[in-house]
Amino acid sequence: MTRSRTVRRLAAAAAVSLLPLLAACGTDSDTGTGTGSESHASDGEKTTDGSSGQLDIPADANADLKKQYLLENAIAACMKKQGFIYTPVAPEDPAAFWTTDGADYELSKKHRQKYGFGIYAGIVYPGDAGAPGSAAARQDSDRTPNADYADTLTPEQRAAYNEALGAIPDPKTGEKNWTGCQGEADKEVYGSASDRERGTATTNRNEANAQALNGDPKLVALAQSYASCLRKEGISVTTTQPTGIGEMVKLQSFNSTPAGAIPAVDESGNARESLSKEEALPLLTKDIELAMRDLECGKEFRAAYFPKFLKAPTSGGGAG
């Protein structure tokens, strides 16, 4: 299971369990029925005419990403049989996650010049959806393509929808697989291996990938040069491993933030008191300066690291 799929599935499960928005249920007609037609390619890939409620799979999608598209389409087809509308959500390409986080130097530079590491940007720019943690960004993430449809459901319909969609495996009950349409689609796309078994296989693969990256002579040498540059800038170095050094400075910054810097909620779901814009602005200025020094010190390292990392990624071993 890739990182993006894990995040999406867990987010969907949380939304379903809390019933605020009913993850990924949408409509393409007033009657609640799908329109258009679909065909099946010989390898099981679905093609569409753009009106069948199915996602078109990008021609350049790798095997993992293609399966995520197929999973969304399979859930939609299953829910349609159950009498519900489910709008499949295009999965995020893992490579896109890192574009402004080091993989693309120019885009990362532009991003960091305004937002730094993103710790204080959301407070300074609350209406900017591009600012990490901003109110606008949180609002965008809270609204699924299916929120309007969810608002039309009665409590009874929501309960029936949730049951049809299914839920995340519950270790407490011994359930190893997703239930409902998510479970059926998961089995159709990924086979009979349980979610947990696939997770173990992915973990093992990630560990092997990390060992390869950390043992790459060129990356090791560049990481050492990166670390030397950081030390000259007066920045503490706690690791020189290729899979860790790229995110090291950012994580140190996050770990040293004052109370109220990162938006949070209490146990009742109420927003906790945060820093004011005036308090956050000088902190953002310092964060930008630090983020830019880190980006420049790691420029050569990241240019060599990301092409290898994106071909054989690890979970949490990026060079942001």
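Everything numeric in this text was worked out from a predicted model, so none of it was measured.

Rules of the game
- Residues numbered from 1 in each chain as written.
- Predicted model: local features only at pLDDT ≥ 70, side-chain atom pairs only at ≥ 80, totals over all residues.
- Heavy atoms only, no water.
- Disulfide = S-S within 2.5 Å.
- Helix = DSSP H or I, 4+ residues; strand = E, 2+ residues; numbered from the N terminus.
- Buried < 20%, exposed > 50% of the residue type's maximum accessible area, 1.4 Å probe, protein only.
- Core = buried A, V, L, I, M, F, W, Y, C linked by side-chain atoms within 4.5 Å.
- Salt bridge = Lys/Arg side-chain N within 4 Å of Asp/Glu carboxyl O.
- Phe/Tyr/Trp six-rings, centres within 6.5 Å; stacked < 30°, edge-to-face > 60°.
- Lys NZ or Arg CZ within 6 Å of the ring centre and 35° of its normal.
- Polar contact = N/O pair within 3.5 Å; in protein donor to acceptor, adjacent residues only side chain to side chain.
- Expected span 1.5 Å × (residues − 1).
- Axes fitted to C-alpha atoms, helices over the stretch in contact; angles between N-to-C directions.
- Parallel < 35°, antiparallel > 145°, perpendicular 65-115°, else oblique.
- Left-handed = near helix turned anticlockwise from the far one by under 90°.
- Contact = heavy atoms within 4.5 Å.
- Nonpolar A, V, L, I, M, F, W, Y, C, P; charged D, E, K, R; others polar.

Some remarks on the state of the cysteines
Scanning all chains against the criterion turns up 2 disulfides. The residue that forms a disulfide with C78 is C181, at a sulfur-sulfur distance of 2.1 Å. Across the S-S bond linking C78 and C181, the dihedral sits near -75°, which makes this disulfide left-handed. Here the residue C78 occupies a position in helix 2 (residues 63–81), and C181 occupies one in helix 9 (residues 180–190), the gap between them amounting to 103 residues. Across the pair, C181 and C78 agree in class, each one buried. The disulfide that involves C229 links it to C297, with 2.0 Å between the sulfurs. Handedness of the C229-C297 disulfide follows from its S-S torsion of about -65°: it is left-handed. Here C229, found in helix 11 (residues 217–232), pairs with C297, found in helix 13 (residues 277–297); they are 68 residues apart in sequence, far enough to count as distant. When the cysteines of the protein that form disulfides are numbered from the N-terminus onward, they connect as 1-2, 3-4.

Some remarks on the nonpolar core
Ranked by internal contacts, the top residues of the largest apolar core, which has 37 residues, are Y120, L230, I245, V249, F301 and Y305. Elements with a contribution of two residues or more to this core: helix 4 (105–115), helix 5 (121–124), helix 11, helix 12 (242–255), helix 13 and helix 14 (299–311). It is helix 13 that provides the largest number of residues to this core, a total of 8 residues. If you look at the next biggest cluster of nonpolar residues, it comprises 24 residues, including I57, L70, C78 and Y86.

So, the pattern of salt bridges
Scanning the entire structure with this criterion turns up 8 salt bridges. Residue K250 pairs with D101 through a salt bridge whose shortest N-O separation is 2.8 Å. In this pair, K250 sits in helix 12 while D101 sits in the loop between helix 3 (94–97) and helix 4, placing the two residues 149 residues apart along the sequence. For the pair K250 and D101, one class covers both residues: buried. Across the pair R112 and D294 runs a salt bridge whose closest N-O atoms are separated by 3.0 Å. Taken together, the positions of R112 in helix 4 and D294 in helix 13 put the pair 182 residues apart, joining distant regions of the chain. Here the two residues R112 and D294 agree in accessibility, since each one is buried. Each of R112, D294 and R302 takes part in one network of salt bridges that share partners.

Focus on the packing of aromatic side chains
Tallying each qualifying case throughout the model produces 10 aromatic pairs. Ring geometry for W98 versus F306: centroids 5.9 Å apart, planes at 50°, classification tilted. Residue W98 is found in the loop between helix 3 and helix 4, and its partner F306 is found in helix 14; the two are separated by 208 residues along the sequence. By relative accessible area, W98 is classed as buried at 6%. Ring pairing ties together the aromatic residues F97, W98, Y226, F301, Y305, F306 and F309, which thus form one cluster. Across the ring face of Y125, the terminal group of K114 is positioned such that the distance to the ring centre comes to 5.1 Å. Lying across the ring of Y105, K299 places its NZ or CZ 4.2 Å from the centre.

Points about the side chain of T243
Here T243 shows up in helix 12. For T243, a relative accessible area of 12% translates into the label buried. Side chain to side chain, T243 and N214 meet in a polar contact 3.0 Å long.

Considerations on helix 2
Because an α-helix packs 3.6 residues into every turn, residues spaced three or four apart end up facing the same way. End to end, helix 2 covers 27 Å across 19 residues, agreeing with the expected 27 Å (1.5 Å per residue, within 8%). Those residues of helix 2 that fall on the buried side of the exposure criterion are L65, Q68, Y69, L70, L71, E72, N73, A74, I75, A76, C78 and M79. The N-cap of helix 2, judged by a side-chain oxygen 3.2 Å from the amide nitrogen of D64 a few residues on, is N62. Directly after helix 2, the chain includes G83, whose backbone phi takes a positive value near 90°.

Notes on the packing of helix 11 against helix 12
The N-to-C vectors of helix 11 and helix 12 enclose an angle of 25°; their axes lie 9 Å apart at closest approach. On the basis of their axis angle, the class for helix 11 and helix 12 is roughly parallel. For the crossing formed where helix 11 meets helix 12, the hand is left-handed. Where helix 11 approaches helix 12, its residues L219, V220, A223, Y226, A227 and L230 are matched on the opposing element by P242, I245, G246, M248 and V249. Here the residues of the contact of helix 11 with helix 12 are counted per class, giving 10 nonpolar, 1 polar and no charged.

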